[in-house]
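Here is how the chains run, residue by residue.
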Protein chains: 2
Amino acid sequence: MSEKYVYLFSEGNGKMRELLGGKGANLAEMTILGLPVPQGFTVTTEACAKYYENGKSISKNIENEIYESLKKLEEKTNKKFGNAKNPLLLSVRSGARESMPGMMDTILNLGLNDEVTEGLAHLTQNPRFAYDSYRRFIQMFSDVVMELPKSEFERIIDDVKKERGISLDTELNVDDMKDLVYRFKSFYKKSLNEDFPSEPRKQLLEAIKAVFRSWDNPRANVYRRMNDIPYSWGTAVNVQEMVFGNTGIKSGTGVAFTRDPATGEHRLFGEYLINAQGEDVVAGIRTPQNIDNLKDSMPDVYEKFAKIASKLENHYLDMQDMEFTIENGKLYMLQTRNGKRTANAALKIAVDLVEEGKISKDEALLRVDPKQLDSLLHPQFNPNALSKAKPIGKGLAASPGAACGKVVFSAQDAKEWHDKGEKVILTRLETSPEDIEGMAVAEGILTVRGGMTSHAAVVARGMGTCCVSGCTEIKINESEKYFTLGGKTVYEGDYISLNGSTGEIYAEQIQTSEATISGYFDTFMQWADSTRKLKVRTNADTPADAQQAIKFGAEGIGLCRTEHMFFDENRIKAIREMIVVETAEERKRALDKILPFQQSDFEEMYKVLEGRPMTIRFLDPPLHEFLPTKKKDIAEIAQSLNISTQHLENIIKDLHEFNPMMGHRGCRLAVSYPEIAIMQTTAVISAAINVNREYPEYKIEPEIMIPLVGDVNELKFIKGIVCSTADNLIKDSGLDMKYTIGTMIEIPRAALTADEIAKEADFFSFGTNDLTQMTFGFSRDDAGKFLNSYYEKKIYEFDPFEKLDQNGVGKLIEMASKLGKESNANLKIGICGEHGGDPSSVEFCHRTGLDYVSCSPFRVPIARLAAAQAAIKSK
Amino acid sequence: MSEKYVYLFSEGNGKMRELLGGKGANLAEMTILGLPVPQGFTVTTEACAKYYENGKSISKNIENEIYESLKKLEEKTNKKFGNAKNPLLLSVRSGARESMPGMMDTILNLGLNDEVTEGLAHLTQNPRFAYDSYRRFIQMFSDVVMELPKSEFERIIDDVKKERGISLDTELNVDDMKDLVYRFKSFYKKSLNEDFPSEPRKQLLEAIKAVFRSWDNPRANVYRRMNDIPYSWGTAVNVQEMVFGNTGIKSGTGVAFTRDPATGEHRLFGEYLINAQGEDVVAGIRTPQNIDNLKDSMPDVYEKFAKIASKLENHYLDMQDMEFTIENGKLYMLQTRNGKRTANAALKIAVDLVEEGKISKDEALLRVDPKQLDSLLHPQFNPNALSKAKPIGKGLAASPGAACGKVVFSAQDAKEWHDKGEKVILTRLETSPEDIEGMAVAEGILTVRGGMTSHAAVVARGMGTCCVSGCTEIKINESEKYFTLGGKTVYEGDYISLNGSTGEIYAEQIQTSEATISGYFDTFMQWADSTRKLKVRTNADTPADAQQAIKFGAEGIGLCRTEHMFFDENRIKAIREMIVVETAEERKRALDKILPFQQSDFEEMYKVLEGRPMTIRFLDPPLHEFLPTKKKDIAEIAQSLNISTQHLENIIKDLHEFNPMMGHRGCRLAVSYPEIAIMQTTAVISAAINVNREYPEYKIEPEIMIPLVGDVNELKFIKGIVCSTADNLIKDSGLDMKYTIGTMIEIPRAALTADEIAKEADFFSFGTNDLTQMTFGFSRDDAGKFLNSYYEKKIYEFDPFEKLDQNGVGKLIEMASKLGKESNANLKIGICGEHGGDPSSVEFCHRTGLDYVSCSPFRVPIARLAAAQAAIKSK
């Protein structure tokens, strides 16, 4: 760490984001550019780290540095902090490396006290302005620094207005302002048992500490987790000379963008308020004017501003979001930054900037956050409708998009209501594979239990359906068909709305608008495709999913889970028969019934894929997942299988496992029951043969993937079975068909012994869901019980099931990739866990030298862009 | 691989065990020593590997090599194989690197057919001998090579004897022998639909193939798994010229040892039979004579044999187990090997050989198999009683020793019956911590479910109680108090006997004898202690266990599990209260009730340890383990806690986890409920302060171990709590006490990020039970369902919960040790899983540079010896 903790704006530059934060760096850069920036200084992010290291206190040497910079600022401005005759007033704002809405608001007018205010009144000959500024300062300081409730101050203002019989703030006169100052200070003293601080230096230090503190508030922590911002970064603090937009009608304040942030259109876009301070714009009490009006009211200011805007955009080569203040006709720039924009705008701006010759395609590709593409692919709430709605609770943002519909409590109801033309939201304690049909017709899915990789979440993402999972505060009564949340009881048929991108749940109807993809999307994604090195496949189990994914640019299927095909009513009976019989022959007989279904499934998939590759994973889940749990179902099945209920119950009891995630599943099933592998091989190969006969141009080469391998001998054993079955079928067909056999790497031991396994495998696919579970030693289904506690205590900063844990799980992946390629140079390596669609994880996969990522269909565009960005970054 | 697959005895030597097997190498060595060995050749272990590679067939070139060696043997012996005038007859025997009783028996007299037998009769002028040899050959070949049932041949002999009205084999005359040959051959043809092979070369090849095949039979596979013999070794085959002990009264055959294998006494010990072939001694039909009698009957043979015996012992410098044959007064040595011996004999022989100046102490230490020490520490069956008993079934050999007692079916019954003076065997579906008192008083424990590391197994080993676990064939009815196994129903109060070293279960009373430790034990173990580098600690939770372990040489406690202290009737109520309350304060109140119990437990432990170190692990299991499962118990507890039964049931339901092994447990509990860590720290530190005050010379330095850490931040967080609590207590006490804080490494991620964790840890202790589970991705409770299938298919050769998986889990341990020591040079590293008492795992720990191993008390001597052997091997 350097020894310097405070920088004057004139000492920094735009590249010093890490140290000065985004706001501080840009203020320094604008100073270099010679723009009219009120001067000031930045207390660095390293000072923030020191603050926390020192038990939340500012060390003497940093305090002194602040005072020295303050002194220099006084010299620059020719004003004195705390001096009534010629007062320097300050604004104090937070400013992290990335802009973070979760953090502290601004404090304006700092440095005022009774004496200075009186001096300011005298100096400006505008006592109302002076006392208005003072009461605003007390209000902001009390709220932001001392955390006194904002509403109390609003109430006091209302009291005064009522007493005076007026309704608008602007109607308050100077005496009213003085009265407010008096009442605010009394309330402050009553609440905190101390006087409002009149010493400006104390005001300043407290404000700086408040900014540092705000880095650690719950909102900021949640925002960071959602946006992958490390806690260790810290925030800087910007202390800047006040300029006043509230000195009269030649003054004002505003916010503007160099392009339209909603559409991307290239025109100055923004709004401003005459005779106001910054927070008035934000508060929305007065309606601001369109920036175009400024052209008429203050043409020279407008012209000057437009020039600056253009200069800034050309300097930063990106759309700018700027704050400005006009003080008595003089324009000041308070801030500039790359502006937030909608996904559509982001694409248009990126493409336009390239076409304007301002940036390269690579730069353009880096400008769009891959996660933002999500909003293009899913319905969204109508923004107006949403602004009036109020959530009753929040779950996990399990599958993005917005949904609105009538609540139903069972998959069957979902189907029936849907058939009658209703839009439904399926609400369940948790979903299971049996619910699949109901899930397919629902607008959205809401579950009480289950994390980001629960059944509901995974399936919903696959279908592109909005899903909020794991809202444990819901008390649900599925049999009586109602739930309560946030004090509200919701009955079957009531409207609710879900925001799958935030996890918010509303007990009301909110209009949604359909997903729309612009022409810019295609141009942009083509650039991404020609840049990326990683191939992008999809996880899809049905022809519909596969079709959707291909539309989104998937180059094949990286994971086709065969077990999801087993829950159809016609099939589940045969599956159950297979499980409960006691000899290999009986099992074979049951499997023979399943074979035609599996085979025709694969044939359909191969046809949809038109020659694109498909990795088919053999049966994976513990068998008891397929068994019935209800008395009635058990009796029915026992009868159809011609065994006693008691006997079936015993079989189910025998299949019970203490830790099914670590039990008899994956390749362990094929080791115990090789008949299953034989049946599945037959289905895959026969399907490929049939489709290849019909469409020889597809040149299908089946890829068979054995799950849950932990020892090369498991793979060897099953490979023996698969090969002898496949070779016979191919020989009989007379075709010249190749196929490959690979394995999931999802058990730590597989990664550790990847050199041995690679000798028997044509490809590896990292199953990062299970690999994360085993590496961390916790199950995704149970981790919900303690993960919140982990976030609160900052033990984890992100959910390792969402974002790949590069430190631990990543180490295994690197090790396995290296060991694997060393012992088998032809080994293909991919990833097919949920992480395949997470940008930072995709970047990791690129760096690690993987060949492809595979993710759910709706994440394919994200993965394509993330892969392109990774390729550019590693250039 | 070399290109030579067959070695004449004269071409090999004693060091070629890997290639020639133990028997073959020793035959070659005896040839070099000039001893009277019938000559022959050895088909190598590499030929065995080739046999399996070639789809179980002997390649042409190996077949030719065999014939070439046969030709040289004919030259050497001046006899011809298959020639009636001067026949060369052969014996064929298996011979692996380590002697393996699970494999093939010997085939004698190979090379006989009708013609050769007639020639032999003529040549020896002893037709009865010739036909006796012939019928023996047919019998052995049919049994061993063709797997026809032995009993059928016995039945045919009985038929002939009955028809002839005689009762002894020796009464059969030459015609009877011819009759037997005829009947045997008819039976052979009837059973196999082919003639008995009269072509000697075919006989030879079939016999060799049978030996190769026997390497893969189920008995051999089980034996290998029990004795850590890799499947890849293969077996050699020894083909040797026949000499005949059955040519008359100047002939005979016998087995002798250079020392008494039961006691170790230094004297020639053995027995022989006049006019007999090898299998007669083994079969036990005739009673052999003591070897001393040979001194009188054939003094010159005896003298010659005694000289050879002495020469062999001095050559091999170990007690020899020798087979010999006397043919017409001439002595032949058929085999010599280091003899099997009892544990007591092993110790005496090792110590004696050192005192005789024949071997060094290091050599002596390598002579005793550490696992053998077990039998010295536990009761054993009386050998005579055992030889008459017949097991009704077999489970897992979960805790060694022998036990006999009356069956009871609940822990409470065990206690009541024991109080009435009965010896009991506690038989349960599975045990749980609530059974602990019943387990403590039982002679032995038998469970239907659970593996080698199930609750029953772990606790029994800790107490040194015999235990057979996981006998899934038992059908148990605990409520009606009976079980059935092997067709027998055993009721409460019936006697059963258990062999915890083999897993065998007997439905009868078998006398046991107490464990006895000889003076040699102490001498020997002192040598071990002064040789080993690894320290040996014990896993103990009670003062009694600790005392026992110290008696066995433990240098401290490596793992004291605090949760086992929670099941006492007085405490469990407070524990349950702690779990079901809903605020931190209520939880603290419940914990305050537990504190005095924990503290006084630790005080007692510290007193027993007298200054030896103790690592105390904080609460580890999922909380729901402490909750009641029975309706009645739940109601009772709800009442005592003053909450409704419904409410308690809901709490229990909420605590349910899908995969408890990967759930809310270990340090995750302390993260959620820091109050628990505070209470436990207070108990540990206060106990240490109190005992240190009373016995300042103990200089106690508490070692606190945080379980299940997967991320350094978990450790940091809990360490903060522990340190602030401990530092305050120590400061208040005025003592100058140090303490250390470390962590279990039992989550793969902890091993992968050990460099980070080591910065916060004073010590690591590898929890290899959990680490094995997570690395393999299967739970020890569930693995039983498929592990047998894995052994059968040779996917696994051993149980990774018994013997450390050095390839996978070991890689993590090596990585963690290296990373840990690199980032913290003072880091102490140990292991406290079940593997701490397994010799091959101890050797691995030594090689990896660990500081100590910790194991259950009764395994401490094993670990001490294994550690010494590891140190010697790495010299």
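Below is a short write-up of the structure. Only a predicted model underlies this, so the values are computations on that prediction, with no experimental measurement involved.

## Here we look at the sheet that holds strand 21 (residues 482-485) of chain B
Residue and element names in this part refer to chain B. Taken in spatial order, the three strands line up as 20-21-22 in an open sheet, and their pairing is antiparallel. Edge strands, defined here as strands with exactly one partner in the open sheet, are strand 20 (475-477) and strand 22 (488-491). Between one strand axis and the next, the sheet turns through 15° on average, direction left out of account. Across four bridges, the pairing between strand 21 and strand 22 is antiparallel. Along strand 22, the bridge assignment pairs Thr484 with Thr489.

## Regarding the packing of aromatic side chains
All chains considered together, the criterion is met by 53 aromatic pairs over all chains. Plain terms: the ring middles of A:Phe381 and A:Tyr506 are 5.8 Å apart, the flat faces sit at 80° to each other, and that makes the pair edge-to-face. Taken as a pair, A:Phe381 in strand 13 (residues 380-381) and A:Tyr506 in strand 24 (residues 504-506) lie far apart in primary sequence, 125 residues in all. Given a relative accessible area of 8%, A:Phe381 falls into the buried group. Overall, A:Tyr506 belongs to the buried group, its relative accessible area being 4%. Ring centres 5.8 Å apart and planes at 85° place the aromatic pair B:Phe776 and B:Tyr796 in the edge-to-face group. Pair noted here: B:Phe776 is in helix 31 (residues 768-776) and B:Tyr796 is in the loop between helix 32 (784-792) and helix 33 (809-823), with a separation of 20 residues, a long-range link. For B:Tyr796, a relative accessible area of 7% gives the class buried.

## Remarks on helix 2 (residues 45-53) of chain B
All names here are of chain B. Here helix 2 has its buried residues at Thr45, Glu46, Ala47, Cys48 and Tyr51. Contacts from the buried residues of helix 2 go to helix 1 (17-32), strand 2 (40-43), helix 3 (60-77), helix 8 (200-214) and strand 7 (235-241). Directly after helix 2, the chain includes Gly55, whose backbone phi takes a positive value near 65°.

## Considerations on the interface of chain B and chain A
With 52 residues of chain B at the contact, the number on the chain A side is 53 residues. Both sides together, the interface formed by chain B and chain A hides about 4600 Å², and carbon and sulfur atoms give 56% of it. The largest share of the area that chain B buries against chain A comes from B:Phe658, B:Met662 and B:Arg749, three residues that together contribute 15% of it. Counting every contact that joins chain B to chain A gives two salt bridges. Among the salt bridges present, the one from B:Asp805 reaches A:Arg749, with a minimum N-O distance of 2.7 Å. At the boundary of chain B with chain A, the tally comes to 30 residue pairs in polar contact (both at pLDDT 80 or more). Broken down by secondary-structure element, the contributors of at least two residues to the side of chain B that touches chain A are helix 26 (667-672), helix 28 (712-733), helix 29 (748-752), helix 30 (754-758), helix 31, helix 32 and helix 33 of chain B. Tallied by class, residues from the side of chain B that touches chain A come to 22 nonpolar, 14 polar and 16 charged.

## Structural notes on the side chain of B:Gln39
Residues and elements named next belong to chain B. Mapped onto the secondary structure, Gln39 falls in the loop between helix 1 and strand 2. Within polar-contact distance, the side chain of Gln39 engages the backbone oxygen of Val37 at 3.1 Å. Residue contacts for Gln39: discarding those within four places in its chain leaves Phe9, Ser10, Thr31, Leu73, Lys76, Gln240 and Glu241.

## Quick word on the pairing of strand 19 (residues 466-469) of chain A
All names here are of chain A. Side chains Cys466 and Val468 project from strand 19 onto one buried face, and the interleaved Cys467 and Ser469 project onto a second face that is buried too. Where strand 15 (residues 396-399) and strand 19 come together, three bridges link them in antiparallel fashion. In the strand pairing of strand 19, Ser399 is matched with Cys467. As paired strands, strand 18 (residues 444-447) and strand 19 are joined by three bridges and run parallel to one another. Residue Ile445 lies in a different strand from strand 19, and its bridge partner there is Cys467.

## Quick look at helix 21 (residues 543-551) of chain A
Residues and elements named next belong to chain A. The complete set of buried residues in helix 21 reads Asp545, Ala546 and Ala549. End-on, the buried residues of helix 21 take up no more than an arc of 100°, which puts them together on one face. Exposed residues pointing more than 90 degrees away from the buried face of helix 21 are listed as Ala544 and Lys551. Looking one or two places after helix 21, you find Gly553, whose phi comes out positive at around 100°.

## Here's the deal with the pairing of strand 9 (residues 269-274) of chain A
Residues and elements named next belong to chain A. Where strand 8 (residues 252-257) and strand 9 come together, six bridges link them in antiparallel fashion. Directly across from Val255, in strand 9, lies its bridge partner Glu271. Across two bridges, strand 9 lies against strand 10 (residues 289-290) in antiparallel orientation. Paired with Glu271 across the strands is Asn290, a residue of strand 10.

## Observations concerning the pattern of salt bridges
The final tally for this structure, using the stated rule, is 122 salt bridges over all chains. The residue A:Arg461 makes a salt bridge to A:Glu834 at a minimum N-O spacing of 2.6 Å. Here A:Arg461, found in helix 19 (residues 455-463), pairs with A:Glu834, found in the loop between strand 32 (828-831) and helix 34 (839-847); they are 373 residues apart in sequence, far enough to count as distant. You can call A:Arg461 buried: its relative accessible area is 5%. Residues B:Lys161 and B:Asp169 are paired through a salt bridge, measuring 2.7 Å at the closest nitrogen-oxygen approach. According to the relative accessible area criterion, B:Lys161 is buried, its value standing at 11%.

## Overview of the environment of B:Leu655
Residue placement: B:Leu655 occurs in the loop between helix 25 (645-654) and helix 26. Spatially, the C-alpha atoms of B:Leu655 and B:Pro622 are 8.7 Å apart, while their sequence positions differ by 33 residues.

## Topic: the relation of the copies chain B and chain A
Aligned on chain A, chain B shows an RMSD of 0.1 Å; the corresponding rotation is 180° and the shift along the axis is 0.1 Å. Expressed as a symmetry operation, the mapping of one chain copy onto the other fits a two-fold axis. Relative to the rotation axis, the C-alpha of B:Asn659 is the closest in chain B, positioned 2.2 Å from it.

The rules we used
- Residues numbered from 1 in each chain as written.
- Chains lettered and ligands numbered in written order.
- Predicted model: local features only at pLDDT ≥ 70, side-chain atom pairs only at ≥ 80, totals over all residues.
- Heavy atoms only, no water.
- Pairing = 2+ DSSP bridges.
- Helix = DSSP H or I, 4+ residues; strand = E, 2+ residues; numbered from the N terminus.
- Axes fitted to C-alpha atoms, helices over the stretch in contact; angles between N-to-C directions.
- Phe/Tyr/Trp six-rings, centres within 6.5 Å; stacked < 30°, edge-to-face > 60°.
- Buried < 20%, exposed > 50% of the residue type's maximum accessible area, 1.4 Å probe, protein only.
- Contact = heavy atoms within 4.5 Å.
- Buried area = accessible area lost by both parts, 1.4 Å probe.
- Salt bridge = Lys/Arg side-chain N within 4 Å of Asp/Glu carboxyl O.
- Polar contact = N/O pair within 3.5 Å; in protein donor to acceptor, adjacent residues only side chain to side chain.
- Nonpolar A, V, L, I, M, F, W, Y, C, P; charged D, E, K, R; others polar.
- Arc of directions from axis to C-beta.
- Least-squares fit on C-alpha atoms with pLDDT ≥ 70 in both.

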